[in-house]
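Structural description and commentary
Given next are the chains, with one letter for each unit.
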Amino acid sequence: MTDTPADKPATPTGPEPKRTRIGQRLRAIADRVRKPTRPPPPHVKTINLALQGGGAHGAFTWGVLDALLEDERLDFEAISGTSAGALNAVVLADGLMRDGTEGARHRLGAFWRRVSQEGSGAGAAAELVQSMLGFWHMQSFSPFNFFEQFGNLVSPYRINPLNINPLRDLIGHLVDFEHVRANDGLKLFISATNVRTGKIKVFSGSEITADAVMASACLPYLFQTVEIGGEAYWDGGYTGNPALFPFFDETATADILIVQVNPVRREDVPKSAREITERASEITFNSSLLREFRAIDFVNRLIDQGLLDPKRYRRNRIHRIDATAALAHTTAASKLDTSWHFFEELHNAGRKAAQEWLAAHYDDLGVRDTLDLRAEFG
């Protein structure tokens, strides 16, 4: 049986119209551009990350990030980091751009390994301390601990006149900042404190440099002030640890996961001068975050009560993984413990905390808060 004209559509003769050929080429190019290198895992949810600073305690954050990346059910729209949180943030961003989640996990591990090597007597900081001590022979010491103790008595402009900061060289070597700045798929917010005004400065976009990260991590009794654009900066922990407000206007994601490494609560009341100083430091470096908790809770309640237009104001959902339990047996001075054993302990604790949090709260993302803000500041 032969096809009739009604059974078989006519086959066009002659060349394809030019407009059709161009359209097909453009669609093919678009498909190649849009095609992911690998299919995304199911049920991926997008969050913003807020990484607190706390010196060596940032190794807990490394463990948290390691577990979140391994899980592969989260995507990050933006990261706000301060001090050690800023260091983790830029290393994470650099690793993601180099080789995805596995690249990020590898770069974070390499960074903390190198920090331990620098702090245990294998780097520039140790060489500086040894030269200052002259003929004294110390079997085991952390140069960063030495700086903290001696820095309380002597200005870093005298104890460290050359302003040697091993972290500056380390982060400059590990992170391709030009590459990180070129990434418009992940926003970074790095907080520092303006020394002259006492106000917070949030570096973002083209401002993300090694100097900006060093400003965020510049403890004034350890290192000289970091100068950027004619302004002087100290550690961002004094004014934003970490800053949450950049998320409100710069991102579409309402879920914020905070990794908090300064213990929220200590059961023992400090009595010695050192204990008092250490606890005062922890309280200071948590205070700005608690103020932001209060402001977020206030706005959320006004939205819930219909007193603010939800089309103009966003209800933010706050979540937290904190290191209080992991650091219960330590003091604030351990933030300068750069031993690899301590880093591994915190890394494992961070992984465990993140895995437990994911098991308990992953389904809450995009639905509800998992942190009672009023209980935190009330």
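Just above, that's the structure.
Residues numbered from 1 in each chain as written. Predicted model: local features only at pLDDT ≥ 70, side-chain atom pairs only at ≥ 80, totals over all residues. Heavy atoms only, no water.

1. Description of the packing of aromatic side chains
To keep it simple, the criterion reads: Only the six-membered ring of Trp is used, alongside the rings of Phe and Tyr, when aromatic pairs are assigned; centres must lie within 6.5 Å, and planes under 30 degrees apart are stacked while those over 60 apart are edge-to-face, with the rest tilted. Relative accessibility under 20% of the residue-type maximum defines a buried residue, over 50% an exposed one, and the middle range a partly exposed one, all with a 1.4 Å probe and only protein chains included. Counting from the N terminus, the helices are DSSP H or I runs at least four residues long and the strands are E runs at least two residues long. Charges are assigned to positions over rings by a cutoff of 6 Å between ring centre and Lys NZ or Arg CZ, combined with an angular limit of 35 degrees from the ring normal.
Summed over the entire model, instances satisfying the criterion amount to eight aromatic pairs. An angle of 80° between the planes, with centres 5.3 Å apart, marks the rings of Phe111 and Trp112 as edge-to-face. Of the two residues, Phe111 and Trp112, neither departs from the other in class, the shared state being buried. On the numbers, 5.4 Å between centres and 70° between planes, the contact of Phe203 with Tyr233 is edge-to-face. A residue pair is termed long-range when its members are at least 10 positions apart, and Phe203 in strand 4 (residues 200–204) and Tyr233 in strand 6 (residues 231–235) qualify at 30 residues. Each member of the pair, Phe203 as well as Tyr233, is classed as buried. Over the aromatic face of Tyr362 sits the side chain of Lys45, whose NZ or CZ is 4.7 Å from the ring centroid. Of note, Lys201 hangs over the ring of Phe203, and the distance from its end group to the ring centre comes to 5.3 Å.

2. Digging into the pairing of strand 7 (residues 255–260)
Along any regular strand the residues' side chains alternate between the sheet's two faces. Threshold: Strand pairing requires that DSSP identify at least two bridges connecting the strands. Handedness is read with the strands pointing away from the viewer; a crossover is right-handed when the path from the first strand over the helix to the second is clockwise.
By the criterion of burial, strand 7 is predominantly enclosed, with six of the six residues buried. Across four bridges, strand 1 (residues 45–51) lies against strand 7 in parallel orientation. Across the sheet, Leu49 pairs through a bridge with Leu257, a residue of strand 7. Pairing analysis gives six bridges linking strand 7 to strand 8 (residues 317–322), with the strands arranged parallel. Following the sheet pairing, Leu257 is matched in strand 8 by His319. With respect to chirality, the unit in which strand 7 leads through helix 11 (residues 273–304) into the neighbouring parallel strand 8 is right-handed.

3. Focus on the nonpolar core
So the rule is basically this: Within this scheme, the nonpolar core is defined by two criteria: the residues are buried Ala, Val, Leu, Ile, Met, Phe, Trp, Tyr or Cys, and they are joined through side-chain atoms within 4.5 Å.
Formed by 70 residues in total, the largest nonpolar core has its most connected members in Leu49, Phe60, Val90 and Ile171. Here this core takes twelve residues from helix 3 (residues 84–122), the largest share from any one element. Core analysis: the second largest hydrophobic core is formed by 16 residues, Phe189, Leu244, Phe293 and Phe377 among them.

4. Examining the pattern of salt bridges
Rules: When a carboxyl oxygen of Asp or Glu is within 4 Å of a side-chain nitrogen of Lys or Arg, the pair counts as a salt bridge.
This structure, assessed with the given rule, holds 24 salt bridges. Residues Arg351 and Asp66 are paired through a salt bridge, measuring 2.9 Å at the closest nitrogen-oxygen approach. One end of the pair, Arg351, is in helix 12 (residues 340–361); the other, Asp66, is in helix 2 (residues 58–71), and 285 residues separate them in sequence. The buried category is assigned to Arg351, whose relative accessible area is 17%. Where Asp255 meets Arg317, a salt bridge forms, and the shortest distance between an N and an O atom there is 2.9 Å. Here Asp255 is found in strand 7, whereas its partner Arg317 is found in strand 8, with 62 residues between them in sequence. Under the relative-accessibility criterion, Asp255 is labelled buried at 3%. What emerges from the salt-bridge pattern is a single network uniting Asp66, Glu70, Glu102, Arg105 and Arg351.

5. Describing helix 11
Threshold: Multiplying 1.5 Å by the helix residue count minus one yields the expected span of that helix. Counted as a polar contact is a pair of N or O atoms within 3.5 Å, where, for protein atoms, one must be capable of donating a hydrogen and the other of accepting one, and residues adjacent in sequence contribute only when both atoms are in side chains.
Along its 32 residues, helix 11 runs 46 Å from first to last C-alpha, staying within 8% of the 46 Å computed at 1.5 Å per residue. Residue Ser272 occupies the N-cap position of helix 11, its side-chain oxygen lying 3.1 Å from the main-chain nitrogen of Glu275.

6. Focus: unusual backbone geometry
Backbone torsion omega between Asn241 and Pro242 reads -10°, so that peptide bond is classified as cis. For Pro242, the position within the fold is in the loop between strand 6 and helix 10 (245–250). Unusually for a residue other than glycine, Glu72 sits at a positive phi of about 65°. Within the element layout of this structure, Glu72 appears in the loop between helix 2 and strand 2 (74–82). On the basis of relative accessibility, which here comes to 28%, the residue Glu72 falls in the partly exposed class.

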